[in-house]
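# Structural overview
Each chain, letter by letter, is given below.
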Amino acid sequence: MDMSRIIHIACEAGKIILENGGETYRAEETMTRICSAYDINNSESYVTPTLIMISATNNYGQIISLIRRVKNRKIDLYKITLVNDLSRTIKINGITLEKIELKLRDIKEIKRYNNLMNILASCLAAGFFTLVFGGNYLDFIISFVIGAIIKLVIIFLSRLNAGDFFINIVGGAISASIALISSYFISNIHVNTILIGSIMLLVPGITIVNAIRDTISGDLISGMSRTLEAFIVAVAIAIGSGIIIKIWFSIFGTTVL
């Protein structure tokens, strides 16, 4: 069996998991399971949110190692599920190296939802979060619009390869701007509820959960790095919305929060 090829396959599976929001321990577990399925029982892997390292020793005592950087990350739990299921059925179904390479390539290239569906989901999420926090139907409508605008801006800035920190600043600023401007023209709305509901689109919920799970499982470096990432996102949202609220306060002398 080609050990180098198996290591590359395992590393690619781990990379897909990390790129789509998976935990580091899950990536390590998947890589180890793939190696074990092809009778490599002495593999070692080390994973952080941005780096994958794996090595194994062949029958001649030669050490084969591989390092991969993880530069692009998003959230797609469906791909994580597919890779996880694939790694668990390799030995049972007798999947060859050629087939698993093709399956991993297919999983990586899956595009589940188009931009229109993502925008609609953002609208509904922002709107219903606002209702959960006690908003009325006017608050829902405004948050619905804010959700669409934020998602459109995120899509545009992502195509320009803008950093996540800048994107979250802009998202927070958009949410605060539209909420405050709406309060100037529409009565009986709750700016704070609209603001909280709409910025929930930017809150890194999965990152926070993964930080806790990595820390509990003993991956302290990954846990701390994800915690720091979530903190930076929160700071970016606060900067964006805070600047707009400060400007509004300076102009009008009061807030409607």
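The following paragraphs examine the structure supplied in this document.

The next thing to look at is the overall build of the protein chain. When you go through the protein chain residue by residue, the secondary structure sums to 10 helices and three strands. Counted from the first residue to the last, the protein chain has its helices and strands arranged as α-α-β-β-β-α-α-α-α-α-α-α-α. Accessible area of the protein chain: about 14000 Å², with a carbon and sulfur share of 63%. Separation between the mean location of the 23 positive side-chain charges and that of the 19 negative ones in the protein chain comes to 5 Å.

Over its 17 residues, helix 1 (residues 3–19) runs 24 Å from end to end, which matches the ideal 24 Å to within 8%, given 1.5 Å per residue. Of all the 17 residues making up helix 1, 14 are buried; the element is thus mostly covered by neighbouring parts of the structure. The positive-phi residue at the C-terminal boundary of helix 1 is G21, with phi of around 95°.

Another aspect to go through is the pattern of salt bridges. Taken as a whole and assessed by the stated rule, the structure comprises 10 salt bridges. Between R88 and E29 there is a salt bridge, with its nearest N and O atoms 3.7 Å apart. Of the two residues, R88 is situated in helix 3 (residues 77–93) and E29 in helix 2 (residues 24–37); the sequence distance between them amounts to 59 residues. Residue classification places E29 among the partly exposed positions, given a relative accessible area of 34%. The residue D214 makes a salt bridge to R226 at a minimum N-O spacing of 2.8 Å. You can see D214 sitting in helix 9 (residues 205–216) and its partner R226 sitting in helix 10 (residues 220–252), a full 12 residues away along the chain. Taken together, the shared-partner salt bridges in this structure form one network comprising R5, E98 and E101.

Taking strand neighbours across the sheet as the criterion, the three strands line up as 1-2-3 in an open arrangement whose pairing is antiparallel. Each of the sheet's edge strands pairs with one partner strand only, and the pair in question is strand 1 (44–48) and strand 3 (63–69). Across the sheet, the mean angle separating the axes of adjacent strands is 5° when strand polarity is ignored. Taken together, the five bridges between strand 1 and strand 2 (residues 51–57) define a ladder with antiparallel strand orientation. Considered in strand 2, the bridge of V47 is made with I52. Together, strand 1 and strand 2 form the strand contacts of helix 2, whose direction differs from that of strand 1 by roughly 155°.

Here the focus is unusual backbone geometry. Backbone geometry places D39, a non-glycine residue, at a positive phi of 65°. A relative accessible area of 60% means that D39 is categorised as exposed. Even without being glycine, N161 reaches a positive phi, approximately 60°. One can find N161 in the loop between helix 6 (137–159) and helix 7 (164–185).

Rules used throughout
Residues numbered from 1 in each chain as written. Predicted model: local features only at pLDDT ≥ 70, side-chain atom pairs only at ≥ 80, totals over all residues. Heavy atoms only, no water. Helix = DSSP H or I, 4+ residues; strand = E, 2+ residues; numbered from the N terminus. Areas by Shrake-Rupley, 256 points an atom, 1.4 Å probe, with all protein chains shown as cover. Lys, Arg positive; Asp, Glu negative; His and termini not counted. Charge placed at Lys NZ, Arg CZ, Asp CG, Glu CD. Expected span 1.5 Å × (residues − 1). Buried < 20%, exposed > 50% of the residue type's maximum accessible area, 1.4 Å probe, protein only. Salt bridge = Lys/Arg side-chain N within 4 Å of Asp/Glu carboxyl O. Pairing = 2+ DSSP bridges. Axes fitted to C-alpha atoms, helices over the stretch in contact; angles between N-to-C directions. Contact = heavy atoms within 4.5 Å.

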